[in-house]
Amino acid sequence: MEKLTLKCKNVISESKKIDLVYSNDSFSFVGGVNIQTGEIADYRHANYQENIKGKAFAFPFGRGSSGAGLVLMEMLRLGTAPAALINIYTDPVILTGPLICKHFYGQILPVINLSEEDYSKLEGAKQIEIFEDKDEVIVYK
């Protein structure tokens, strides 16, 4: 198994090693995911019907609605949320859900940002390891 270390920016951090769902497509949590199951519900998305529950979900940036943070909060409450979000750029609207959950519910949904060049290196990866105290991720292909 190939191992690659990349520099990152930890927006919200926690240490864990998790399976990865990678996408080149932007993503909207409002209407794009089945909140009850964690399955991608947008039939136009390349990862349609793939489940992101408990996995690191990598998508370059968010798209769409101001309700994305609320969707993530509900997914966290139901236990269907991804285990981490990895983006090139994390929209503040998406970030509101993980921030509010951390503050009010003590639940942490790590949010990681990578450079565009490093983000592309996630393609084909099976797992990713993130760290609470390091600005790096380890990618397992």
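As the structure is a computational prediction, the values presented were derived from the model and not from experiment. (Residues numbered from 1 in each chain as written. Predicted model: local features only at pLDDT ≥ 70, side-chain atom pairs only at ≥ 80, totals over all residues. Heavy atoms only, no water.)

A word on the overall build of the chain
- Counting secondary structure elements, the chain contains three helices and eight strands.
- For the chain, the N- to C-terminal ordering of α and β elements is β-β-β-β-α-β-α-β-α-β-β.
- In summary, the chain has a C-alpha radius of gyration of 14 Å against a globular reference of 14 Å for 141 residues, a match within 12%.
- Dimensions along the principal axes, computed over C-alpha positions, put the chain at roughly 35 × 35 × 20 Å.
- Pairs at least 24 residues apart make up 74% of the contacts formed inside the chain by residues separated by at least 6 positions. (Helix = DSSP H or I, 4+ residues; strand = E, 2+ residues; numbered from the N terminus. Rg over C-alpha atoms; globule rule 2.2 N^0.38 Å. Contact = heavy atoms within 4.5 Å.)

Structural notes on the nonpolar core
- By size, the foremost hydrophobic cluster in this structure holds 41 residues, and its most contacted members are Phe29, Leu122 and Ile128.
- Every element with two or more residues in this core is listed here: strand E3 (16–22), strand E4 (56–58), helix H1 (68–78), strand E5 (84–87), helix H2 (92–105), strand E6 (111–113), strand E7 (127–130) and strand E8 (136–140).
- Of all the elements, H1 adds the most residues to this core, at six residues.
- What phenylalanine 29 contacts, discounting residues up to four positions off in sequence, is Ile52, Phe57, Phe59, Ala68, Val71, Leu72, Met75 and Leu85. (Core = buried A, V, L, I, M, F, W, Y, C linked by side-chain atoms within 4.5 Å. Buried < 20%, exposed > 50% of the residue type's maximum accessible area, 1.4 Å probe, protein only.)

Description of the environment of lysine 3
- Locating lysine 3 in the fold gives a position in strand E1 (residues 3–7).
- Here lysine 3 falls in the exposed class, since its relative accessible area comes to 55%.
- Spatially, the C-alpha atoms of lysine 3 and glutamine 127 are 9.7 Å apart, while their sequence positions differ by 124 residues.
- Apart from the residues within four sequence positions on either side, lysine 3 is in contact with Ile138, Val139 and Tyr140.

Concerning the environment of leucine 114
- Tracing the backbone shows leucine 114 in the loop between E6 and helix H3 (116–120).
- Discounting chain neighbours no more than four positions away, the residues touching leucine 114 are Leu6, Lys7, Cys8, Ile86, Asn87, Ile88, Tyr119, Leu122 and Val137.

Here's the deal with H2
- Given a rise of 1.5 Å per residue, 14 residues ought to cover 20 Å, and the 19 Å separating the end C-alpha atoms of H2 matches this to within 8%.
- Where H2 is concerned, the buried positions are Ile94, Leu95, Gly97, Pro98 and Cys101.
- Lining the buried residues of H2 we find strand E2 (9–12), H1, E5 and E6.
- Of the residues that open H2, the one with a side-chain oxygen 2.7 Å from the backbone nitrogen of valine 93 is aspartate 91.
- Note on H2: the residue one or two positions beyond its end, glycine 106, has a positive phi of about 70°. (Expected span 1.5 Å × (residues − 1). Polar contact = N/O pair within 3.5 Å; in protein donor to acceptor, adjacent residues only side chain to side chain.)

Concerning H1
- What H1 keeps buried is the set Ala68, Gly69, Val71, Leu72, Met73, Met75 and Leu76.
- Looking at the packing, one finds that the buried side of H1 touches E5 and H2.
- One or two positions beyond H1, positive phi appears at glycine 79, with a value near 80°.

So, the sheet that holds E7
- Read from one edge of the open sheet, eight strands run E1-E8-E7-E3-E4-E5-E6-E2, paired in mixed fashion. One side of each edge strand has no neighbouring strand; the edge strands of this open sheet are E1 and E2. Geometrically, the sheet is characterised by an average inter-axis angle of 30° between neighbouring strands, direction not taken into account.
- Across four bridges, E7 lies against E8 in antiparallel orientation. By the bridge assignment for E8, glutamate 129 is matched with isoleucine 138. (Pairing = 2+ DSSP bridges. Axes fitted to C-alpha atoms, helices over the stretch in contact; angles between N-to-C directions.)

Take it as geometry only, folks, not as evidence of what the structure does.
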